[in-house]
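Letter by letter, the chains look like this.
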Amino acid sequence: MKIDFHTHGKLAKKLTFSKEYTDWLFGEAQKAGLDALCLTEHFNTLGFRDVYEYISGRCERDGDSLVTDSGFRIFPGMETDIAEGGHTLVIGPLECILEMNQRLEPYKEKGHFLPFEKLASMVEEYPVLFGAGHPYREGGHIPELPEEMLKKFSFLDVNGKDLARDREGTWKKMRALSEKLDLPLTAGSDTHQSFQYGCVYNVFDRTVNMVNGLAEEIHRGAYRIEMSGMLDFKVETAGILKRALKEINALGGDYVSVLLQGAEI
């Protein structure tokens, strides 16, 4: 099972949710060779609940995953900011993700994010995987947290965007942090745009449909991380297209119709 652990279903968190755009993204992920993804949508994205209500309504539930008509598997999740600076990833059953997101409602604006310790305490109440999202990204301070706090994570995110900026440096820092905390590394593209799918991903020895199955495979080391030989190009191209589509939207155009004109979704 080829799975990306860090993805988004919207072009940008301040844009309204587009069913057509999200459908297109999942189709493109499958075309890129992925079998599954973890949808770690921003916890404060506009229309967070709308995203999951739509996806769950058009997919078949299989364990903790949601499966499209074409057999593509989606594990629900979210990416949450913390007060100290930095992002965390939660992957779990849909009901848990929606409930956690609702509880985080008072803490979705900058200046009101939950401190890491309080967020980690909430996470412990649910059967979810908890990850450190791109811990060395500029503006984040996750590696500076006390070690006992960092060990509350279940995995560390080796991020496609960071690999594109500094491949050798990112691997060096992430491997060192992994060894220090005795925590596994998983790969995530961090994409909001289709071209970035497949830049980096995880290959599991078997297909699983439960979050605890993901956890077991990670714990057993029954997976490997693969990187595309075109990683830099994929990330750069996705970034250019994202900026162009956002500009179309800002000018009052319909970026979805421009993107999907003539496409089958």
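Since this is a predicted model, take the numbers as computed values, not measurements. (Residues numbered from 1 in each chain as written. Predicted model: local features only at pLDDT ≥ 70, side-chain atom pairs only at ≥ 80, totals over all residues. Heavy atoms only, no water.)

Draft legend 1. Summary view of the side chain of Asn 159. Looking at where Asn 159 falls in the secondary structure, it is placed in strand β8 (residues 155–159). Side-chain polar atoms of Asn 159 contact the side chain of Asp 157, separated by 2.9 Å. Contact partners of Asn 159, with chain neighbours within four places excluded, come to His 6, His 134, Arg 137, Gly 188, Ser 189 and Asp 190. (Helix = DSSP H or I, 4+ residues; strand = E, 2+ residues; numbered from the N terminus. Polar contact = N/O pair within 3.5 Å; in protein donor to acceptor, adjacent residues only side chain to side chain. Contact = heavy atoms within 4.5 Å.)

Draft legend 2. Spotlight on the pattern of salt bridges. One pass over the structure, following the stated rule, counts 16 salt bridges. Here Glu 147 makes a salt bridge to Lys 151, at a shortest N to O gap of 3.6 Å. Taking relative accessible area as the criterion, Glu 147 reaches 34% and is therefore assigned partly exposed. Each of the salt bridges in this network shares a partner with another, and the network as a whole consists of Arg 137, Asp 162, Arg 165 and Asp 190. (Salt bridge = Lys/Arg side-chain N within 4 Å of Asp/Glu carboxyl O. Buried < 20%, exposed > 50% of the residue type's maximum accessible area, 1.4 Å probe, protein only.)

Draft legend 3. Highlighting the packing of helix α1 (residues 19–31) against helix α2 (residues 48–58). Where α1 contacts α2, the axes come no closer than 11 Å and their chain directions differ by 60°. As far as their axial angle goes, α2 and α1 are oblique. For the pair α1 and α2, the crossing hand works out as right-handed. Taken together, the residues of α2 that come into contact with α1 (itself represented by Lys 19, Thr 22, Asp 23 and Phe 26) are Tyr 54, Ile 55 and Arg 58. Tallied by class, residues from the contact of α1 with α2 come to three nonpolar, one polar and three charged. (Axes fitted to C-alpha atoms, helices over the stretch in contact; angles between N-to-C directions. Parallel < 35°, antiparallel > 145°, perpendicular 65-115°, else oblique. Left-handed = near helix turned anticlockwise from the far one by under 90°. Nonpolar A, V, L, I, M, F, W, Y, C, P; charged D, E, K, R; others polar.)

Draft legend 4. A look at the packing of α2 against helix α3 (residues 94–103). With their axes 11 Å apart at the nearest point, α2 and α3 run at an angle of 165° to one another. Looking at the two axes, α2 sits roughly antiparallel to α3. The way α2 lies across α3 gives a crossing that is left-handed. Along its contact with α2, which presents Phe 48, Arg 49, Tyr 52 and Ser 56, the element α3 presents Leu 94, Ile 97, Leu 98, Asn 101 and Gln 102. Across the contact of α2 with α3, the residue classes break down as five nonpolar, three polar and one charged.

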